[in-house]
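The primary structure of each chain is shown beneath.
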Amino acid sequence: MTRKEIGNILKDYHWMINSIKILRDSMKEAGEGLTAQYGIEATLPKPQGVTSDPVYKETVRREKRYSKIAQYEEKVQVIQDRMYLIKDERESEVLYWLLDGKSYRWIGEHMRLSFSHIKRIRDSIIDKLANETNGTNGTNETKLQKHKSA
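All of these numbers come straight from a predicted model, not from anything done at the bench.

Draft legend 1. Structural view of the layout of surface pockets. Computed from the structure, the largest pocket encloses a volume of approximately 230 Å³. If you go around the largest pocket, the residues you meet are Gly7, Asn8, Leu10, Lys11, Leu98, Gly101, Lys102, Ser103, Tyr104, Arg122 and Ile126. Every element with two or more residues in the lining of the largest pocket is listed here: helix 1 (3-26) and helix 6 (115-134). The greatest single-element share of the lining of the largest pocket, amounting to four residues, is contributed by helix 1. Split into classes, the residues belonging to the lining of the largest pocket amount to four nonpolar, four polar and three charged.

Following this line, the structure appears as structure tokens:
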């Protein structure tokens, strides 16, 4: 992943976690109260090109939500898998508050640091996370070694 992608995931982490939780809770009920038509209504002609079965429509809608949950989980997992790379106390604290959805200004006031200093710390965090996701740790040697062995 690129630095920009990691930065976007960090920025969106808080709401993605909340969305995953809410979506999972909402998906527990299996669409109660939805039934297909029975009796004479079931034998009547249906509109062309669209199914009128509400259970089918609900299934399609839920499938889209499940795939959205999977997308969010995949992005969140990238950050969670790399959190061990952040060893510095300040970086660790800034990362915690970023993942909790706090603004740079709020974090700066809390830590008694300037807004720009918080942004520099965030950039350092992104560098560490992005380098790990590329598998190069910021060096070109790994790329060359992989190229030579291939």
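Draft legend 2. Structural context of the environment of arginine 62. Within the element layout of this structure, arginine 62 appears in helix 3 (residues 54-82). Each C-alpha atom, one on arginine 62 and one on leucine 23, is 9.8 Å from the other, the two residues being 39 residues apart in sequence.

Draft legend 3. Layout of the packing of aromatic side chains. One pass over the full model with this rule turns up four aromatic pairs. Geometrically, the ring pair formed by tyrosine 104 and phenylalanine 115 is edge-to-face, given 5.9 Å between the ring centres and 65° between the ring planes. Of this pair, tyrosine 104 sits in helix 5 (residues 104-111) while phenylalanine 115 sits in helix 6, and the two are 11 residues apart along the sequence. A relative accessible area of 22% means that tyrosine 104 is categorised as partly exposed.

The rules behind the values
- Residues numbered from 1 in each chain as written.
- Predicted model: local features only at pLDDT ≥ 70, side-chain atom pairs only at ≥ 80, totals over all residues.
- Heavy atoms only, no water.
- 1 Å grid on protein atoms, 1.4 Å probe; cavity = no way out; pocket = protein on both sides within 12 Å on 5 of 7 lines; lining within 4 Å.
- Points joined across faces, edges and corners; volume = space filled by probe spheres on them.
- Helix = DSSP H or I, 4+ residues; strand = E, 2+ residues; numbered from the N terminus.
- Nonpolar A, V, L, I, M, F, W, Y, C, P; charged D, E, K, R; others polar.
- Phe/Tyr/Trp six-rings, centres within 6.5 Å; stacked < 30°, edge-to-face > 60°.
- Buried < 20%, exposed > 50% of the residue type's maximum accessible area, 1.4 Å probe, protein only.

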